[in-house]
Amino acid sequence: LTGEDNNAALGSTGVTVNSGASLGSYGNRTYSVPVTLNTGASMHNNGGGTGIWSGTVNLAGNATANAGSGDIRYTGVVSGAGTLSKTGANWVLLTNSGNTFSGGVNVSGGYLRFNGDGALGTAPGSPATNITLQSGGRTQAGTDVAGVNATLNANRSISLPSGDGYFQVWTGFTMNVPGAISGAGTLVKSDGGTLNDSGTGSAGNTRIEGGTLQLSG
């Protein structure tokens with residue numbers, strides 16, 4: 001289902017997306033309808049541009065944001081116990097510092113951008129895998145047009161299970177990662193900014209494509 005005419009196509013009381021189904025935006029449009037994503041559900045953007053979801057998005061189960069044909073920006077609160085998986089070559093941007101989803105993120109393609117640690121949802125109460133980067137997936141602190149400085153919660157452990165997992169830090173900015181990093185994949189530092197890795201553990205391999213990687217753990 002793709003909402004081509006803003007909220008008029010989706011109503012106002014809420015949309016529930018079940019396993020195997022996908023809810024999409026179209027081009028540069030904004031949608032305020034509340035959305036519930038059950039396990040196996042997905043969201044997408046057709047037609048290029050940026051689809052903006054300003055209503056609440058409840059991850060009632062593990063769900064996917066597929067930015068294969070356009071970008072997706074979540075400005076409303078993202079809640080629920082599910083994991084948000086990011087696929088597709090474009091970016092998904094989390095902007096709400098009050099996000100409360102607790103299942104973490106899994107990035108296996110394109111960019112997952114966030115404008116501060118709070119946008120990544122509720123951090124674990126003790127160290128636990130909360131960010132997974134694999135198969136070329138990239139995480140980046142910033143907005144849709146510029147970087148920001150960011151420090152991740154120390155309980156957000158990072159898993160690199162396979163392939164390349166990118167920390168892409170904009171030139172002139174710094175990302176601090178105090179949580180543990182583990183896995184057989186390759187940690188890749190890209191772009192011109194600085195990544196401070198002060199956590200324990202290590203990836204299978206490390207590659208620096210640009211900027212500075214500082215190790216202090």
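Our structure's up above, just so we're on the same page.
Quick caveat, the model's predicted, so the values are computed rather than measured.

Moving on, we get to the sheet that holds strand β18 (residues 150-151). Pairing is parallel across the open sheet formed by four strands, whose spatial order is β18-β21-β23-β25. A single partner strand is all that each edge strand has here, and the edge strands are β18 and β25 (212-215). When β18 meets strand β21 (residues 174-177), the two strands line up parallel, connected through two bridges. The residue bridging A150 from the neighbouring strand is M175, located in β21.

For strand β20 (residues 164-168), a buried count of four out of five residues is recorded, marking the element as mostly surrounded by other parts of the structure. Here strand β17 (residues 137-141) pairs with β20 via three bridges, running parallel. Counted as the bridge partner of G137 is G165 from β20. Here five bridges tie β20 to strand β22 (residues 181-190), and the two strands are oriented parallel to one another. Following the sheet pairing, D164 is matched in β22 by T186.

Rules of the game
- Residues numbered from 1 in each chain as written.
- Predicted model: local features only at pLDDT ≥ 70, side-chain atom pairs only at ≥ 80, totals over all residues.
- Heavy atoms only, no water.
- Pairing = 2+ DSSP bridges.
- Helix = DSSP H or I, 4+ residues; strand = E, 2+ residues; numbered from the N terminus.
- Buried < 20%, exposed > 50% of the residue type's maximum accessible area, 1.4 Å probe, protein only.

Everything listed here is a matter of coordinates, which is why it stays silent on function.
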